[in-house]
Every structure is written in C-alpha cells, then in structure tokens.
Amino acid sequence: MSFLINRLLSTLLTLFLVSLITFAITNLLPGDVAMMIMGTQANPEALEGLRQSLGLHDPMLVQYGHWIGGVLTGDWGTSLIFKAPIGDLLAQKIRASALIVVLSMGIALAAAVPLGVWAAVHRDRWQDSAASTASLLGVSLPDFFWGIMLILLFARTLGWLPSSGFADPAIDFPLALRHAFLPALALGLGLMAHLTRMTRSTMVGILNQEFIRVARAKGLSERTVIWRYGLANALGPVMTIAGLQIGYLFGSIIVVETLFNFTGMGWLTYQALLNRDLPLIQASVFVIAAVVMLTNLVVDLLYVLVDPRIRLE
Amino acid sequence: MRRFLSAKGLVGLTLVVLIVAIALVAPLFIPETAGTRMDMRARLAGPSLVHPFGTDQLGRDLLVRVVLGAHTSLTIAGLAVLLSIVVGLPLGVVSGYYRGHLDNLLMRLVDTLLAFPALLLALTISAMLGPSLQNTVIAIGVAFTPYLARIVRGEALRVVQMPYVEAARAAGTSDPMMIVRHILPNIMPQVIVQATISLAFAILAEAGLSFLGLGTQPPASSWGLMIQASRDYLDRAPWTALVPGAAVAMTVLGLNMFGDVLRDVLDPRARA
Amino acid sequence: MTQALVAIEGLKVAFSTDHGPVTAVEDVSFSIAPGETVCVVGESGSGKSVTSLSLMRLVEFGGGRIVDGRLRFRRGDGSAIDVTTADAATMRSLRGNEIGMIFQEPMTSLNPVFTIERQLTDGLRVHRGLRGAPARARALELLREVRIPEPERRLKQYPHELSGGMRQRVVIAMAMACAPRLLIADEPTTALDVTIQAEILGLIDRLKRDNGMAVLFITHDMAVVAQMADRVVVMYRGRVVEEGPVAEIFERPREDYTKALLAAVPRLGAMRGKPAPEPMPLLGAEAEAAPPRMTERGRRLLEVSHLVTRFPVKSGPLRLTRAHVHAVEDVSFGLDVGETLALVGESGCGKSTTGRSILRLVEPQSGTIGLDGWDIRSLGPVDLRRARRDMQMVFQDPFASLNPYRRLRDQVAEPLVNFGLARGSALDDRVAELFRRVELPADFGSRYPHELSGGQRQRVAIARALATDPKLIIADEAVSALDVSVRAQILNLMMRLQAEFGLSFLFISHDMAVVERVSHRIGVMYLGRIVEIGTRAQIFEDPRHPYTRALLAAVPIADPRQRRLHDDTVFRPLPSPVHPVGHVPAPSTYDEVEPGHLVLALD
C-alpha cells in the first residue's frame, strides 16, 4: 500500500514540475509572443491589445498561477486558431489518438514478443541473425517513411484503406478504425522492431539464469521451460519497456497524424506549434506529458501483478 | 556469433565512414548552385545517366540534393549529440558521484524532462525559438540531454561502489582525480555506445523536424524536407521519396549496427 | 562394474567458442554404485561441473557437446541406457525423475515469479501425472522431509520470501520430488554460511541414507569432501588425476597434485598448542620457517572503542529515514603492532563494515578510533587523507579491486603520487620494489588487470596497499575468492610481510580454518557485535559464547576420521539488524573469563 501511495505522490510532484517546465518553455524563450502570433507586420495597437488579453504584462508567476488555476478548474482557455474552447478540442482529439496508440502498441507487442523469444531461443544462430537484422532495419527507418510506403501499398496500389482522413471513434468506431489502421501500422512497425530487440535481450538474460537450468533438470519440456518459466519472468521488463515507448508514440503521432491528415492530438499539437497558438501549445504539451506519465504509472502498478517481489517494497 | 558480430560491425562501420566522408567531402566538389539548379524540362524525371537518382518536382538533381542533405543531417545530429554530452555528462557524473540532495534534485528534473516525448520537446523548442539550423541543434540537443544524464548517472553509481574506487579513496585520491582517473575511464564505453545510438536517433529526429517544417528550412537540402516534398508526387515519382528515405535508413542502420557491436564489445556486463 | 548405477567411460566434452572448439573434459572415467556418495573435487576449471552436467546432458544448453565416451545409467526397471545417445524424450524422463540435481546458487535456483508449490509440483505433474490435491500433499510431505518449518505457509510463498538456507532446502525438495536414484549436487553449499552449510550437508546425508540413493557431490572444498564422501575423484584441468576411497585419498594420496591440494587446506585444530601463526606447508616450495616474533609487539597500534555504524533505510517520495540497519553496534577492540586480529562471523554480521568504518570509507555514528596517535573520527578531510597513509585495505574480489582501464604500475604508484612520496625515477624504483615484495615480475607493471590471474591480481592489490608503508592493513575476505593452492600462497605472503615489516593485520574472514592459521587474536562477530574476543587458543580451545561454539561445531574438518555430520533440524532464524529510528540498543558488556578473553554478557 505504501508503494502505491509513494508512487502516486511522486507522480503528482512530477506532474507539478511538468506544468512548470511546460509553462517555462512556452514563455521564457526569447521572442515577443504577440508578435509571434500576429507576425512582424502587425500594427502596434493590435499587438498591444493581444498582449493585454493574454496577460503578458503580468509577472511570470502570476501568469503561471492564472494558467495552472485554469487547468485545475477545467478552464483551459480558448484556442486562437480554432476559436474554440481548448478543453472540448482536447477531449475529442485525445480519444482518436488513443485509438492509434493502443492499436499500434497492440500490433507491435503481438509480433514482437514471440519474435523476440524465438530469436533468444535460437541465440547466435541464423534465426537470431535474421531477426536481429530485420529489427535493426525496422528501427532505422523513420515512421513517416513507413507511412509513405504504407500509403503507396495499401491506399494507392491496393486501394484497401484510406490514405487520409479522420473519424471520431465515439461516433463511428468502425470508420475511425479504418482511418486509424494505417497510421497505427506505420507507428507499430518501428515499435515492433524496437520491442523485438528488447524482448530478445531480456530473454537471453533470463535463459542464462540458474532457475532455467533447474527447470530443465526437473525434466520439463523445452516448451514449458521457455514459454512458461522464461516468459513469465520476461513479462515485467517487457511491459516496462513497452510503457516507456508510450512517450515515443505520443511524439511520433505528431508526424504520422500529419502525414495521414488524421486530425487527432498529434495533428492538433502540430497546428498549434505551426501557428504559435500559445494557449493550445501549453495545453497540448502538458496533456501529452501528463498522459505519458499516467500511462507509466499504470504500467508500474501492473508490474505488481506479474512480479511478486515488488509487493514487499 | 563472432563472425556475425564482426560482419555486422564491419558493415556498420563501412556505412558510417562512407556517409560521413560523403557528407564532409562532397560539398567541396559540388558547386554552390548545383543543389538549387532547376531543370524545368526534367521535372520528376526518373533515374537516368544525367540524373542517376532522378529529379524532384522542380527538376533539381536528387543525387546532389541527397548528398547535400547528408551534410545537413550529420552536422545537425552531430552537434546536437555533442551538446547533449557536454551538458549531460557532467550532470550525470556529478549526480552519481556525489549523490545526496544534489542527486535527488537533478534526477527529479531529469525525470520531469523525460515525461515529455523527445520529439515533442524538440518540436516545441524549435517552434518557440523559430526554426533555423542553430535552433534545431539546440532543440534536439536539449531533448536528448536527460536520457544521457540518466545513463551516465547510472554508470557512475555502478562504478562508485567498485572496490577499486574505495581502494583509491583509501590511497588518498582526491575527488577530481577520482573522477578523472577512475570514474570517467570506466563509464566512457557506455557513453560512446550511447552517443552512437543517440546519433542515429538525432538523424531520425532531424528528419522528422524538417519533415514538419520545424527543422531545416528551404532552400537548404535536408532528407526530411525531401520526403515532405515527395508526398504530392508519390504516384508519379516514387523515387523522390525512396532516395532520401534510403539515405536516412542507411545512415541510421549503419550507426545502429556499429552501436550494437560496440555495446557487445565494450559493455562489461555483456561479457559474461 | 556391471552393478554400477552410473558408469562413465572416456567422457570427452567440448565447447564451441569464438576461438574454435575447446575441450573442457577429456578421458574421464569413473563409476557410482547404488547408495554411494562420490565426491568430485577440483579447483576452478577442473571440469568437475561439466562432468556432472554431462550426466544429465545439460551441457548442451550451455554450448557444450559430448564428443566421445559413454555414460551408462541403470534405470529403475533394471535396463541400462547410454545417456550420450538417448533421445530427447528419454532424457526428459530421466531428468528430475531418476536423476535429481541441485545447484550452487540457492538465490537464483528458484523461479522468482512462481510460488514454491508450483515449482515443487511441476516435476510431479510431468513424471507422475499428479495434479491438484495429491500433488499438494506430496509437496507438503517433501517440505517436511527437508525439515522446513511451517510447510503449509511456505507452499504459498514466493522464493524471495525465504532465506538462502531455506531456498536451498526447497531446491533439494524439488530434486527429491520423484525419489531419484541419483542426486547430483553441484557445489550446493558454496554460497552458504558455514552454519547453514552444516545443516544442508547433514540434510543431504540423511536423505541419502533414508532413501538409499546415490549422490554425486561436486565441490572445491576438501573439508566438505572429508565429511561427505565414500569415494573421491580428484580432477585437474579436465582430467581425472586420482580416484579412490576417501580414507585412502586423504591418508595415502598417490599423485603430487592431490598431495599439494591437501597440503594447501588448513585443517581446523591443526594449530592446537602452537604459540604463533605459521605458514602453510606448500608442496614443492621449501618449508618456511615460522616468522620470528616481532620485537615491537606489545605496543598498541589501533584502539577501537564503542564503535557504532548504522545505515539509514530511506523510503517515500521525500526519501525520509524510516529505520536504520545496525551494522556495527558498540564494538571495541585493540590491535598491537605486528599482530593479526581476525574478525570472524557469517554474512551480515558487520565484520566488513567494521573494517570500512575504521578507514572511514563509511562514516561511523559514534565511538572512537585511535590509530598510532591519530583520533581518526575527529579528523578533517586533509588530516584524514594523511592518516590513511598508515592504514590500507585489501578487498575480496580480485576482479573488482583493480581499475580495468589503468596499467598496474600506475595503480600501484597511485598512493605514492597522491601523497607526493616519490617522483621520477625514485617512483619507478619504488614501484619495482613493491612488485618484487609481492613476488611479481617487475614487467607486470605495464600490463592491465585482465591479463592476470586472480592470485596475481590479489598480489597487485597487496602491493598497492603496501605502497605508503602503512602500519595497518585491513584484509577484507582477501583470500576468499581464490582457489585453495593460490590462497595458501597469498596467506604465506601476508605472514612473511608481517614478519619482515612489523605489519598489523585486521583479518576479516568467514573461514574459521584460515583464521586459526593466521591470527594471534580473534573476535567473533554476530549481529553487529563482538560476542567473544580472545587469543587464538582461548577462542579455539576454550570457546565460551554459544554462538562461537555453534560456529566452531559447524566447520567441516578436512579429515575423514573426524566426521561430524549434524542433525539438520536446528533452525535459528537470524534476527533482523533493522530497527526503527529512535531504537536504543543495550550497550555491549563483557565478562572477562580469563585475562584478555572477553565474552558478551547480553543474550
């Protein structure tokens, strides 16, 4: 129980620091925010008006307090480019992006775990070399390159799936799935390669342990030794590594959603950054960091289920 | 395995050396205007004798562009990784060596930065500073620093508790000398491995930033920009995407292969 | 020989490595009769473990291959099979069923994420088809057989909830699950404390007698061999050197290697009645004379009083101290010039922390440390550095105590450079002299640690410790990681250096037989305190504290005529040294039973 409380308190503390850093990056960097938004040719009165409305003349701490107070009460402000309440925008976009992230993680894990175990079992043989070469190639290609290849293959050549577009999963789930599939696959391929490498090295370490030899000495079949004794020990580490990749995915959706014109969270963040929509930048950067942190918290708590040793702490 | 390892290392090293050499040397032989020279009669032309890799939508030679792109990519990635080492290495060493409150404070900060996806952090910094070569370096460098600091700290913690460090302390070695003679040499292998892998990631990040228009700016050549430009012509001229894509892949693959082998050779824990 | 349970004939095993195949064992032949204990003994690299793994064909999983020879095993139904040619299914029906095996590391031998019950029953499921309640009943029966307290509760527990000794009992129970006809035990007690070792040895011996099974016991420890074996196979560099009944091997060894091995093993009780430490008689080397008594003896060098060292246990997001590990609790002792004081005790007793506290490599909470006029605990950083010239440390692990990235010359020279004691050619001369003192060629200076053997590295570590001409050397398990023959050489070197330079040693060790050989006085530690301290004769010939007695009784003696296998039921759960913040332990008070012989008065 104290483990849980410690972990929660620590997450809250980091969350607070995340909000500080988000605010700092978007404010302390050089440049006049009003001019960033309106451009250098804007007339001075309009600029001053914008400064007033954004509260840019207040001390930094007051500005931060104003912002974080809004975040805590659910008032995220209004987007400058979409002229809409940011809270509503985020709620809709994060659903759609969650679909992509979950889908790509599912695809990646489903392929990576068996492949990684297989490579570890055939360590130093051709199977291992083949898997390791393939996964190296996989991690070496940028997601957007995978995306373009998938568009060429599935959308342009085969015509099976749409190459761009968006649907809200809360409204039309099957359509949302159709639109989310290719972006998810583009993300999932690189992720799969990475997780295959990690699963392999985790399993190699586990298969070298004494208890594996003991299991063989008991007369258990190789299948039991590897897929029960071995894999049960690999689950925790692999889960942690996969959890850490959630952060990577939330970075990559910015590129991939833009490529596929999938107007989710990544696309929204990109539009905010491109148009210097300051309130929207702050909100989306903070939300993404918070989601990443909370996912990792959940993964840590799930770890307790697969590894009995954690309970004592 | 050793044969596979050394083959892998050799291929990786060859790729890295080849691409670095091209990036460094080629700009000296390519006239400044070659990268932007447009051939309006040969727009989106397929590979030919005149244009071995074909041309883009403005009729610019893709071979020249991809070679110039190597220069941009490697310069930005190299400087960004250098920046992350210059900042992250001292932070990590100090944190791991002295531990205590300073360590708690620094690692809390690092953990906070790690909550931001690296690409998001780099994009935000670049967008706020305004995209330029220098700011791209800063953006990627800052985004990578917490990772390096974490790894260096972990290594420093491991080394600090080795008996040879205690023996040196008993032998009257001062803290600065301890760090120079005992800590740094023993964490360097890991730093080198991490730098190689970071370089690969930095090249991917630069491509991503440029692809989104928040990295290298036209008319400069960048692989990310080239792929971005190819999007509208995929049906007619797939090579406009394939050429820069293959360039990224080969560079990153080379670095990753080399990094893998380095890790196997240098990592004391891998040498059972 | 047709009656043999196992007959190994001309076994040859090779491993494929980066440099081509390497032969690990060659031409190994011996047999095991039903109900017999055969001990295979040898130093590291002798091939003893490979031989035992071959019997189960487990070498294959480690990259090994049986190249030649036959391994005949007589099965329960009377048929004989050759293990080298048996198919995979037949091998599985042997493993864990007719042959059980236990390994060295109880901490890693059990799967950390499965319950004890699951690990005890999966062998039963595979070989006996037992599931559910009958399997659980058999598992309980097994835990009772290996005398684990509260067996019902253990079934639901995970390995990390059990102590090392208890885990090894579970591993043994697992191996016994299907009542094997042969039990292979590969260094089963090497990782355990001596009192736990005694219990486990007693357990294996009882199980063997109760079930009439044969035991193949692999060990490096001649004392364990003397206690356990019916017959002994001595191995060296992958070959069998000598084989015979245990009494014959110990009393009339034929081969030089066996003789050397036996000579290098200190026997508990061998020093009875001798006034001072004595070098070990090494075969091949000239018998060394006992080091002359130091003229200066009697002058106090080190005086430790009421030393307390605790480590904070921190937890929570703010890293608050919630409790303390009381590693050293009110420890007092003195050490004379030219004297060796041994601190002995089992793992976690605080003996290493005591040594490191004296050097202030860890900071003690209270107490005083007086070293030749220095009040160590009150020194500022500058004076502490200077005071450390007078005391140096040698560590246990010869692989970790030298920086892998520095030349040995630079590492030995480091203290001299730090203290500005020598420079230029004087420095080179001094380093060469130090190498000579530890009997290493001077050209070793240009090498790196990985080019040396364990014993050679330990010599370099000693040379480094000698560089500043210290008065005190704290040797923390300095010979524990070495093979017996190398260990004897290093011990003799240390004794010779003591005689020559009047060095004082604080000799920290868990090995009672070694301690008896090298020390003038001995302090026995338990749970952070010295429970008994006195001269060697007082401690070994007249032990008073119950813990000292238990410790001495548990030490195996390298003499098959002095067998004392214990009742394995003794269970002493070790009390925890962790106490909440604010806990005030009682002070250590002693009864002086004889002049200089103190026994802790607490319980």
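Cut-offs applied
- Residues numbered from 1 in each chain as written.
- Chains lettered and ligands numbered in written order.
- Predicted model: local features only at pLDDT ≥ 70, side-chain atom pairs only at ≥ 80, totals over all residues.
- Heavy atoms only, no water.
- Pairing = 2+ DSSP bridges.
- Helix = DSSP H or I, 4+ residues; strand = E, 2+ residues; numbered from the N terminus.
- Domains from an automatic or database assignment.
- Contact = heavy atoms within 4.5 Å.
- Buried area = accessible area lost by both parts, 1.4 Å probe.
- Salt bridge = Lys/Arg side-chain N within 4 Å of Asp/Glu carboxyl O.
- Polar contact = N/O pair within 3.5 Å; in protein donor to acceptor, adjacent residues only side chain to side chain.
- Nonpolar A, V, L, I, M, F, W, Y, C, P; charged D, E, K, R; others polar.
- 1 Å grid on protein atoms, 1.4 Å probe; cavity = no way out; pocket = protein on both sides within 12 Å on 5 of 7 lines; lining within 4 Å.
- Points joined across faces, edges and corners; volume = space filled by probe spheres on them.
- Axes fitted to C-alpha atoms, helices over the stretch in contact; angles between N-to-C directions.
- Left-handed = near helix turned anticlockwise from the far one by under 90°.
- UniProt positions renumbered as here; feature names shortened; annotations may be inferred.
- Buried < 20%, exposed > 50% of the residue type's maximum accessible area, 1.4 Å probe, protein only.
- Core = buried A, V, L, I, M, F, W, Y, C linked by side-chain atoms within 4.5 Å.
- Phe/Tyr/Trp six-rings, centres within 6.5 Å; stacked < 30°, edge-to-face > 60°.
- Lys NZ or Arg CZ within 6 Å of the ring centre and 35° of its normal.

> So what about the pairing of strand E23 (residues 597–600) of chain C? Which residues, and what values?
Residues and elements named next belong to chain C. Two strands pair when backbone bridges link them, and strand E20 (residues 529–535) and E23 are joined in this way by two bridges, in the antiparallel orientation. Bridge pairing links Glu532 to Val599 in E23. The sheet contact formed by strand E22 (residues 590–594) and E23 spans four bridges and is antiparallel. The residue of E23 that forms the bridge with Glu592 is Leu598.

> Tell me what's going on with the domain arrangement of chain C, and back it up with residues and numbers.
Residue and element names in this part refer to chain C. Taken as a whole, chain C is organised into domain 1 (6–105 + 181–263) and domain 2 (301–377 + 510–556 + 569–603). When each unit is reduced to the centre of its C-alpha atoms, the spacing between domain 1 and domain 2 is 39 Å. In this assembly, 10 residues from domain 1 lie in contact with nine residues from domain 2. Carbon and sulfur atoms supply 58% of the area buried between domain 1 and domain 2, which totals about 840 Å² over both sides. For the domain 1 face of the interface with domain 2, the top three residues by lost area are Asp193, Val194 and Thr195, together amounting to 58%. Here domain 1 is connected to domain 2 by zero salt bridges. The interface formed by domain 1 and domain 2 contains three residue pairs in polar contact (both at pLDDT 80 or more). Mapped by element, the contributors of at least two residues to the side of domain 1 that touches domain 2 are helix H7 (194–211) and helix H8 (222–228). Considered class by class, the residues forming the side of domain 1 that touches domain 2 number five nonpolar, three polar and two charged.

> Explain the interface of chain B and chain A residue by residue, including any values.
Taken together, the contact pairs 47 residues of chain B with 51 residues of chain A. Taking both sides of the interface into account, the surface hidden between chain B and chain A amounts to around 4000 Å²; carbon and sulfur atoms contribute 77%. Inspection of the chain B/chain A interface yields seven residue pairs in polar contact (both at pLDDT 80 or more). Among the elements of the structure, helix H1 (2–29), helix H3 (100–114), helix H4 (118–129), helix H7 (175–211), helix H8 (223–230) and helix H9 (239–266) of chain B are those that each provide at least two residues to the side of chain B that touches chain A. Looking at the side of chain B that touches chain A, the element that brings in the most residues is H9 of chain B, giving 12 residues. Tallied by class, the residues present in the side of chain B that touches chain A amount to 32 nonpolar, eight polar and seven charged.

> Any details on empty space enclosed by the protein? Residues and values, ideally.
Take a probe with the size of a water molecule and roll it over the atoms, and the empty space left behind shows itself. This structure, assessed with the given rule, holds six cavities of 30 Å³ or more. Each pocket or cavity is described by its volume, and for the second largest cavity that value is around 60 Å³. Forming the walls of the second largest cavity are Val214, Ala217 and Lys218 of chain A together with Gly96, Gly100, Met101, Val171, Met174 and Ala175 of chain C. Mapped by element, the contributors of at least two residues to the lining of the second largest cavity are helix H9 (210–217) of chain A together with strand E6 (99–102) and helix H6 (164–176) of chain C. For the lining of the second largest cavity, the leading source of residues is H6 of chain C, giving three residues. Among the residues making up the lining of the second largest cavity, the classes are represented as six nonpolar, two polar and one charged.

> Outline the interface of chain C and chain A, listing residues and values.
Each partner contributes residues to the interface: chain C has 29 residues there, and chain A has 24 residues. Between chain C and chain A, roughly 2500 Å² of surface is buried when both sides are summed, and carbon and sulfur atoms account for 66% of that area. At the junction of chain C with chain A, the criterion picks out one salt bridge. For Lys218 of chain A, the salt bridge identified is with Asp122 of chain C, shortest N-O distance 2.8 Å. At the level of elements, E6 and helix H3 (116–128) of chain C are the ones that each hand at least two residues to the side of chain C that touches chain A. Ranked by the residues each element gives to the side of chain C that touches chain A, the list is headed by H3 of chain C, at five residues. Within the side of chain C that touches chain A, the residues separate by chemical class into 15 nonpolar, nine polar and five charged.

> Talk me through the sheet that holds strand E16 (residues 391–394) of chain C; I want residue IDs and the actual numbers.
All names here are of chain C. In spatial order, the strands read E16-E17-E18-E13-E19-E20-E23-E22; together these eight strands make up an open sheet with mixed pairing. Two strands bound the open sheet, and with one partner strand each, they are E16 and E22. Looking at each pair of strands side by side, their axes are set apart by 20 degrees on average, direction ignored. For strand E13 (residues 340–344) and strand E19 (residues 521–526), the ladder comprises four bridges, and the chain directions are parallel. Within E19, the position partnered with Ala342 by the bridge is Ile522.

> Got a sec to walk through the packing of helix H7 (residues 143–157) of chain A against H9 of chain B? Specific residues and values, please.
Where H7 of chain A contacts H9 of chain B, the axes come no closer than 11 Å and their chain directions differ by 150 degrees. When the axes of H7 of chain A and H9 of chain B are compared, the crossing they make is left-handed. On H9 of chain B, the residues touching Phe145, Ile148 and Met149 of chain A of H7 of chain A are Ala241, Leu242, Gly245 and Ala246 of chain B. A breakdown of the residues in the contact of H7 of chain A with H9 of chain B according to their chemical character gives six nonpolar, one polar and no charged.

> Could you give me a rundown of the UniProt feature "domain: ABC transporter" (unreviewed entry) in chain C, with the residues and numbers involved?
If you check UniProt for "domain: ABC transporter" (unreviewed entry), the listed places come out as residues 8–262 and 313–552 of chain C in our numbering. Strand forms 27% of residues 8–262 of chain C and helix 39%; the C-alpha atoms that close the span are 26 Å apart.

> Please provide a residue-by-residue account of the sheet that holds strand E10 (residues 239–245) of chain C, values included.
Residue and element names in this part refer to chain C. If you trace the six strands from one edge of the open sheet to the other, you get E6-E7-E8-E3-E9-E10, paired in mixed fashion. This sheet does not close on itself; its edge strands, each paired only once, are E6 and E10. If you compare each strand with its neighbour and ignore which way they point, the axes differ by 15 degrees on average. Helix H1 (residues 48–55) contacts strand E3 (37–41), E6, strand E7 (182–186), strand E8 (214–219) and strand E9 (231–236) of the sheet and is inclined by roughly 150 degrees relative to E8. Against the sheet, H7 contacts E3, E6, E7 and E8, and its axis sits at roughly 155 degrees relative to E8.

> Which residues make up the UniProt feature "domain: ABC transmembrane type-1" (unreviewed entry) in chain A, and what are the values?
Mapped onto the present numbering, the UniProt feature "domain: ABC transmembrane type-1" (unreviewed entry) falls on residues 94–303 of chain A. End-to-end, the C-alpha atoms of residues 94–303 of chain A are 25 Å apart, and along that stretch the chain is 83% helix and 0% strand.

> Explain helix H11 (residues 265–274) of chain A to me, and be specific about the residues and the numbers.
Among the 10 residues of H11 of chain A, nine are classified as buried, and the element is accordingly described as predominantly covered. Every buried residue of H11 of chain A is accounted for by Met265, Gly266, Trp267, Leu268, Thr269, Tyr270, Gln271, Ala272 and Leu273 of chain A. Residues of H11 of chain A that are buried make contact with helix H5 (86–121), helix H10 (222–259) and helix H12 (278–306) of chain A together with H4 of chain B. Directly after H11 of chain A, the chain includes Arg276 of chain A, whose backbone phi takes a positive value near 50 degrees.

> Break down the domain arrangement of chain A for me, citing the residues and quoting the values.
Domains assigned within chain A are domain 1 (31–75) and domain 2 (87–312). Measuring from the centre of the C-alpha atoms in domain 1 of chain A to the corresponding centre in domain 2 of chain A gives 38 Å.

> Pulling in residues and values, what's your account of the side chain of Ser140 of chain A?
Topologically, Ser140 of chain A is positioned in helix H6 (residues 126–140). A distance of 3.4 Å separates the side chain of Ser140 of chain A from the backbone nitrogen of Leu253 of chain B, its partner in a polar contact. At a separation of 3.3 Å, a polar atom in the side chain of Ser140 of chain A contacts the side chain of Asn256 of chain B. Residues contacting Ser140 of chain A, with those up to four places away along its chain left out, are Leu204, Val248, Ala249, Val252, Leu253 and Asn256 of chain B.

> Run through the nonpolar core, naming residues and quoting values.
Ranked by internal contacts, the top residues of the largest apolar core, which has 151 residues, are Leu182, Leu216 and Phe507 of chain C. The next biggest cluster of nonpolar side chains, apart from the first, holds 143 residues, and it includes Met265 of chain A together with Ala23, Ala127 and Met128 of chain B.

> Report on the packing of aromatic side chains, specifying residues and quantitative values.
The final tally for this structure, using the stated rule, is 12 aromatic pairs over all chains. Ring centres of Tyr64 of chain A and Trp67 of chain A lie 6.2 Å apart, and the angle between their planes is 55 degrees; this geometry places the pair in the tilted category. Of this pair, Tyr64 of chain A and Trp67 of chain A both sit in helix H4 (residues 60–73), three residues apart, roughly one helical turn. Each member of the pair Tyr64 of chain A and Trp67 of chain A is classed as buried. Measuring from ring centre to ring centre gives 5.1 Å for Tyr229 of chain A and Phe114 of chain C, while their planes differ by 90 degrees; the resulting arrangement is edge-to-face. Taken together, the residues span two chains, with Tyr229 of chain A in helix H10 and Phe114 of chain C in the loop between E6 and H3. Phe114 of chain C matches Tyr229 of chain A in its accessibility class, with the two residues each being buried. Among the aromatic residues, those joined into a cluster by ring pairs are Phe23, Tyr64, Trp67, Trp76 and Phe286 of chain A. Geometry around Phe114 of chain C places Arg118 of chain C over its ring, the cationic atom sitting 3.8 Å from the centre.

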